[in-house]
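A structural walkthrough
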Amino acid sequence: MSKVTQIAHPLILHKLSFIRDKNTGSKDFRELVEEVAMLMAYEVTRDMKTETVEVETPICKTECKILAGKKVAIVPILRAGLGMVEGMLRLIPAAKVGHIGLYRDEKTLQPVEYFCKLPQDIEERDIIVTDPMLATGGSAIDAISLLKKKGAKCIRLMCLIGAPEGVKAVQEAHPDVDIYLASIDEKLNEKGYIVPGLGDAGDRLFGTK
Ligand code: PRP
Ligand code: URA
């Protein structure tokens, strides 16, 4: 079974409180989501491999560590996942960015795919799928299935808030995919929204309904 990591760092919890607040406007919401994504990226990349290189300081030669091996791809699930990309690119500037467009049908809650553009060498990359919300898990499950169909092998999922139902569903569908969240909330309501959650992430990021 995959690993589920809740990243309960005080800075992340502090910022998440303002993200949840319905009185936080789009500009602050966007900035806060970006900042939390950057802080989470620190933890999500914790087990990346390093290699030793020789560096000459102004004083002497020394052995240092740099990131080794595999390259990274960040794959946001459109639209809301886009809000996490800039923050992650600040920490991993060499990462390539793929896009998967999915929306959740309001009645059936089933994800509908409308776009997919990925780096050509996706099978060689460490992939971090981003989406602020993991509700029923349908969108994340479909996005990960699509990535696997395109050859992706090493995939992690990074969300701000998850419902227990969504976490369980992703673990069952993709037991090889580790999940990172800032919070696992209480439950889903009858409309499939996370409780207490933050409302509709895409609408709050982009100011649309
Ligand atoms: C939201 C969210 C996830 C999905 C989560 O996207 O960003 O992608 O719902 O729900 P699920 O786990 O039940 O699939 P939405 O479909 O509202 O599209 P948007 O990002 O374009 O607003
Ligand atoms: N999508 C959102 O944006 N918010 C939720 O609470 C559930 C799905």
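The chain goes by Uracil phosphoribosyltransferase in an unreviewed UniProt entry, where it is assigned to Clostridium pasteurianum BC1. Turning to the chain, the UniProt annotation filed under Catalytic activity (unreviewed entry) states: "UMP + diphosphate = 5-phospho-alpha-D-ribose 1-diphosphate + uracil". On record in UniProt, under Function (unreviewed entry), the comment for the chain is "Catalyzes the conversion of uracil and 5-phospho-alpha-D-ribose 1-diphosphate (PRPP) to UMP and diphosphate."

A separate point is the site of ligand 2. In the vicinity of ligand 2, the residues found are R104, M133, A135, G192, Y193, I194, G199, D200 and A201. Residue A201 places a main-chain N or O atom 2.8 Å away from an oxygen atom belonging to ligand 2. Protein chains bury 88% of the 240 Å² of accessible surface belonging to ligand 2 in isolation. Judged by its atoms lying within 2 Å of the grid points, ligand 2 is housed in the largest pocket. When grouped by side-chain class, the residues that make up the shell around ligand 2 number five nonpolar, two polar and two charged.

Let us now look at the pattern of salt bridges. Applying the stated criterion across every chain, the model contains 11 salt bridges. A salt bridge links E35 to K15; its shortest N-O distance comes to 2.7 Å. With a gap of 20 residues between them, E35 in helix α2 (residues 26-44) and K15 in helix α1 (residues 10-20) connect regions that are remote in the sequence. The class of E35 is partly exposed, set by a relative accessible area of 27%. The closest approach of N and O atoms between R46 and E43, which form a salt bridge, is 3.0 Å. Owing to a relative accessible area of 22%, E43 belongs among the partly exposed residues under this scheme.

The next thing to look at is a nonpolar patch on the surface. Together, Y103, Y114 and F115 line one region of the surface with nonpolar side chains, adding up to about 320 Å² of accessible area. Looking at the element boundaries, F115 is found in strand β7 (residues 111-117).

For ligand 1, the set of nearby residues contains 15 residues, the closest of which are R79, R104, D131, T136 and S139. Residue R104 places a main-chain N or O atom 2.7 Å away from an oxygen atom belonging to ligand 1. Between ligand 1 and the protein, one listed contact pairs an oxygen atom with a backbone N or O atom of G137 at 2.8 Å. Surface burial for ligand 1 is 91%, taken as the share of its 500 Å² of free accessible area covered by protein chains. Under a 2 Å grid-point criterion requiring more than half of the atoms, the pocket assigned to ligand 1 is the largest pocket. Elements represented by at least two residues in the shell around ligand 1 include exactly β6 (99-104), β9 (133-134) and α4 (138-149). Here the shell around ligand 1 is composed, by residue class, of six nonpolar, five polar and four charged.

Cut-offs and rules
Residues numbered from 1 in each chain as written. Chains lettered and ligands numbered in written order. Predicted model: local features only at pLDDT ≥ 70, side-chain atom pairs only at ≥ 80, totals over all residues. Heavy atoms only, no water. UniProt positions renumbered as here; feature names shortened; annotations may be inferred. Near = heavy atom within 4 Å. Polar contact = N/O pair within 3.5 Å; in protein donor to acceptor, adjacent residues only side chain to side chain. Areas by Shrake-Rupley, 256 points an atom, 1.4 Å probe, with all protein chains shown as cover. 1 Å grid on protein atoms, 1.4 Å probe; cavity = no way out; pocket = protein on both sides within 12 Å on 5 of 7 lines; lining within 4 Å. Sits in = over half its atoms within 2 Å of the grid points. Nonpolar A, V, L, I, M, F, W, Y, C, P; charged D, E, K, R; others polar. Salt bridge = Lys/Arg side-chain N within 4 Å of Asp/Glu carboxyl O. Helix = DSSP H or I, 4+ residues; strand = E, 2+ residues; numbered from the N terminus. Buried < 20%, exposed > 50% of the residue type's maximum accessible area, 1.4 Å probe, protein only. Patch = residues over 30% accessible without salt bridge, like charges linked within 9 Å, V, L, I, M, F, W, Y side chains within 5 Å.

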